[in-house]
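Reading the structure
Here's the letter readout for the chains.
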Amino acid sequence: MLSVITILAYVYLNTSVLLSRQTNETIDAEITGLAEQYRSGGLKMLVRIVTQRSQASRTGGVYLLTMRDGRRLAGNIPGMPPGGTGSDWVEFAFVDPGNVEDGEHIALARRFRLAGGYRLLVGRDIDALQNFNILIRSTFAWALALTLLLGLGGGLLISRNFLARIEQITNTSRTIIAGDLARRIPVIGSNDEIDQLSGSLNDMLDEIELLMAISRQVTDNVAHDLRTPLSRMRARIEDVVRLPRDSDSYREALELTLEDIDRLMGIFNALLSIARIESSVMRDQMASVELSAVLADTVELYEPLAEERSITLRCDIEKELAIHGDRQLLGQAFANLIDNAIKYAPGCEKYGSRANGLTFSIAAQQLDQSVEIILADNGPGIIPDDRERVFSRFVRLEQSRTEPGSGLGLSLVAAVLRLHGGSIRLEDNEPGLRIVINLPTP
Amino acid sequence: MRILIIEDDHEAARYIFKGLGEAGHVVVVEGDGEAGLQIARDEEFDTLIVDRMLPRRDGLSIISILREEGNITPVLILSALGDVDERVKGLRAGGDDYLTKPYAFTELLARIDALTRRRHPEQACTQFSVGDLEIDLLSRNVQRSGKLVNLQPREFRLLEYLMRHAGQVVTRTMLLENVWDYHFDPQTNVIDVHISRLRAKIDRDFHSALLHTVRGAGYMIRDETEATT
């Protein structure tokens, strides 16, 4: 606002000063010119020129040449404005004899005494100039008023809109804090900063809601998976202490309880590991890992078990595949995958039984910017609907209920791969399961 | 063996005290870090069992101080912090082995036996024998009753570890840690299958078995005829 005023004032002053200075300079130049004519051509010449110029219509020029006693010799105004005898500047009102109906005009003029007592007056009708000044002043005043009005009004409107939208965000967050996690901040589609802020806040809320849902589901599953062995243990112990038993019964009950406790501890440890891996604190201790060696070690670890169950293990691992990672976690992830394949091979429902004709292959190769590991078997596979689900905690497919396990193996695999910036997907091996893993290389 | 336990959970300390006593060890228990450090400096022990979180002084600083002072008594760290990075911290501070709570007592006992054995000069030895089974680490030869036994590299390392700890219980976790350098529990009994393979090569065709399964604990290589006579 201040800048607008400054600019307008500057323009106004400059224009009016420039215009009036121009007028003064013109008058000065003309007087000098006429004095020159008088000196060279005498009075006659001067009278002729002044008369000529006085008759030139609409130039705005005001002329008067008088004798010593004030009698008019030539010019277009009736007489000298009163006062003054020498050379001076005057401003006076006059009536143009050719345009009487126009009324009084204001003229700015200079009087000049010539040799021989003649007086010459040359001036300009400055009505136009003054009108122009007035016009500029009023135009600028209007512009200023309009700017003020628009600025204030617009600002008020914008800030009211702005504040209303901020208030909407505040209200929405209060509702969410109060427990309504499904509420979202309205996005009006203007794609301005507030809209973008609302959008990201909504995305954040979606993520939080998802995490809450997962954590609720995990809690439910933990409760279920822990309650079952706990109630079993409780029943068993209650049974042996209710009545006096022989020491063999006590021993047997205690040994079974010990096994149950170990299993519970296993579940706890697995859950804690997954939580820790997901919190990414382990990223600090990553180093260069030779993936080929980790894969070979893990395969070698499981090779006798596979052989015992008549599962053919095939290996096609490129040499010197290196990534940035954690050897222990990667080893555990691959161990879980191979373990699953062996455990769920058909004919292996019970530990120690044999699977006939099952082949498990593991291949790894360097791609453009990642290592691709493919683990494939020709076992029962996983139906498409279950392929996402198996990575959730505690999810165990029907066919696997009889095998020992916590339902956390694949969750750990997924967490480890996420920590390494990798991905995993399950595909149909026609028949069987094909696991495709991608790990970025440094 | 004289063993010092620095553990502030009295109940847990009492069980270790009782169990180790029954296994024939002399045990001293201290409940806080400062007192534990003091007695470890003043007296001679074969092994220290140190809990990580202790009142007045934490376990890792006890170990660091003892190591700085030139004390090389083997230390087994007990901790509820079980992740690999915590284990690395413990071993870096000067601990010799790391056991996560809760642990099976048999695991603790087996590890203590392995630790105390470590002090003996046998470490530098390149040949071991149990009964008529011999292993030579330099030529990588294994013989039973004078007959050459052909082992895969991993089977060789498995046998080497068992032979180094002949007469001691070695748990499955210890094998996975020391032979494969993996610090997680495999879900199925993968180790058992490796053992039975090894057993087929060194025991099956001979009159007596040397590689024994210790129920509820692990494995042990031992010449029983020698032990009974």
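Look a little higher up for the structure.
What this report covers is the structure whose coordinates are included nearby. A quick note: this is a predicted structure, and the numbers were derived from the prediction, not measured. (Residues numbered from 1 in each chain as written. Chains lettered and ligands numbered in written order. Predicted model: local features only at pLDDT ≥ 70, side-chain atom pairs only at ≥ 80, totals over all residues. Heavy atoms only, no water.)

1. Notes on the overall build of chain A
Condition: Counting from the N terminus, the helices are DSSP H or I runs at least four residues long and the strands are E runs at least two residues long. Throughout this description, buried means an accessible area under 20% of the type-specific maximum (1.4 Å probe, protein chains only), exposed means over 50%, and partly exposed covers the range between. A contact between two residues is defined here by any heavy atoms of the two lying within 4.5 Å. Only the protein chains shown count as cover for residues, with accessible areas throughout obtained via the Shrake-Rupley method and a probe of 1.4 Å.
Looking only at helices and strands, chain A features seven helices and twelve strands. Within the span of chain A, comprising 442 residues, buried residues form 38% of the whole. Across chain A, every contact between residues at least 6 apart in sequence was considered, and the portion connecting residues at least 24 apart equals 62%. Of the roughly 25,400 Å² of accessible surface on chain A, a fraction of 57% belongs to carbon and sulfur atoms.

2. Things to note about empty space enclosed by the protein
All names here are of chain A. Formally: Note on definitions: the grid is 1 Å and covers protein atoms alone; a cavity is a set of points where a 1.4 Å probe fits but cannot get out; a pocket is an open set with protein on both sides within 12 Å along at least five of seven lines; lining residues have an atom within 4 Å of a point. Grid points are joined across faces, edges and corners, and a volume is the space filled by probe spheres set on the points. Each residue is assigned to one class: nonpolar for Ala, Val, Leu, Ile, Met, Phe, Trp, Tyr, Cys and Pro, charged for Asp, Glu, Lys and Arg, and polar for all the others, Gly among them.
Following the criterion strictly, the structure yields two cavities of 30 Å³ or more and no others. Its boundaries defined by the atoms lining it, the second largest cavity holds a volume of some 40 Å³. Secondary structure elements with two or more residues in the lining of the second largest cavity: α2 (127-177) and α3 (193-242). Here the residues of the lining of the second largest cavity are counted per class, giving five nonpolar, two polar and two charged.

3. As for the packing of aromatic side chains
Just so we agree on the cut-off: Ring pairs shown here join Phe, Tyr and Trp side chains whose ring centres sit within 6.5 Å, with only the six-membered ring taken for Trp; geometry is labelled stacked below 30 degrees between planes, edge-to-face above 60, and tilted in between.
A complete count under the given rule lists two aromatic pairs over all chains for this structure. A ring pair is formed by A:Y38 and A:Y118, whose centres lie 6.2 Å apart and whose planes are at 70 degrees; its orientation type is edge-to-face. With A:Y38 in helix α1 (residues 2-55) and A:Y118 in the loop between β4 (104-113) and β5 (119-125), the pair connects residues that are 80 residues apart, well separated along the chain. The same class applies to A:Y38 as to A:Y118, namely buried. When the centroid spacing of 5.0 Å and the interplanar angle of 40 degrees are considered together, the rings of B:Y182 and B:F184 count as tilted. Across this residue pair, the class does not change: B:Y182 and B:F184 are buried.

4. Some remarks on the sheet that holds strand β10 (residues 370-377) of chain A
Residues and elements named next belong to chain A. Note the following rule: Strand pairing is assigned whenever DSSP detects at least two bridges linking the two strands. Axes, fitted as lines to C-alpha atoms, cover a helix only where it is in contact. Angles between the N-to-C directions of the axes lie from 0 to 180 degrees.
Spatial ordering of the open sheet is given by β7-β9-β10-β12-β11, a layout of five strands whose pairing is mixed. This sheet does not close on itself; its edge strands, each paired only once, are β7 (311-317) and β11 (423-428). Adjacent strand axes in the sheet meet at a mean angle of 15 degrees when their direction is disregarded. Here seven bridges tie β10 to strand β12 (residues 433-440), and the two strands are oriented antiparallel to one another. Considered in β12, the bridge of S370 is made with P440. Together, β7, β9 (358-366), β10 and β12 form the strand contacts of helix α6 (residues 327-343), whose direction differs from that of β12 by roughly 175 degrees.

5. Describing the side chain of A:E372
All names here are of chain A. Cut-off, in case you're wondering: Counting rule applied: Lys, Arg positive; Asp, Glu negative; His and chain ends not counted. Each reported salt bridge corresponds to a side-chain nitrogen of Lys or Arg within 4 Å of a carboxyl oxygen of Asp or Glu.
Of note, E372 is situated in strand β10. The side chain of E372 sits in the buried core without any salt bridge; R425 is the nearest counter-charge, 5.0 Å away. Excluding its chain neighbours within four sequence positions, the residues that come into contact with E372 are A363, A364, Q365, L367, V436, I437 and N438.

6. Here we look at the sheet that holds strand β1 (residues 61-66) of chain A
Residues and elements named next belong to chain A. Ordered by their spatial adjacency, five strands build an open sheet running β2-β1-β5-β4-β3, and the pairing between neighbours is antiparallel. A single partner strand is all that each edge strand has here, and the edge strands are β2 (72-75) and β3 (88-95). Across the sheet, the mean angle separating the axes of adjacent strands is 25 degrees when strand polarity is ignored. Here eight bridges tie β3 to β4, and the two strands are oriented antiparallel to one another. Paired with E91 across the bridge in β4 is L108. Its contacts with the sheet put α1 on β1, β2, β3, β4 and β5, and the angle it makes with β5 is roughly 135 degrees. Packed on one face of the sheet, α2 meets β3, β4 and β5 and runs near 125 degrees to β4.

7. Examining the side chain of A:D377
All names here are of chain A. With respect to the helices and strands, D377 occurs in strand β10. Classification of D377 by relative accessible area gives buried; the value is 10%. In this view, D377 contacts A341, T359, F360, N429, P431, G432 and L433; residues no more than four positions away in its chain are not counted.

8. As for the interface of chain A and chain B
The following threshold applies: Polar contacts here mean pairs of N or O atoms no more than 3.5 Å apart (in protein, one a potential hydrogen donor and the other a potential acceptor; neighbouring residues in sequence count only if both atoms are side-chain atoms).
Taken together, the 27 residues of chain A in the interface contact 22 residues of chain B. Run the count over chain A and chain B and you get five salt bridges. When the shortest N-O distance is used, the salt bridge between B:R197 and A:E303 registers 3.1 Å. Across the contact surface, chain A and chain B share eleven residue pairs in polar contact (both at pLDDT 80 or more). Of all the secondary structure elements, the ones that give two or more residues to the side of chain A that touches chain B are α4 (247-278), α5 (291-308) and α6 of chain A. Per element, the largest residue contribution to the side of chain A that touches chain B is eleven residues, and it comes from α5(A). Partitioned by chemical class, the residues of the side of chain A that touches chain B number nine nonpolar, eight polar and ten charged.

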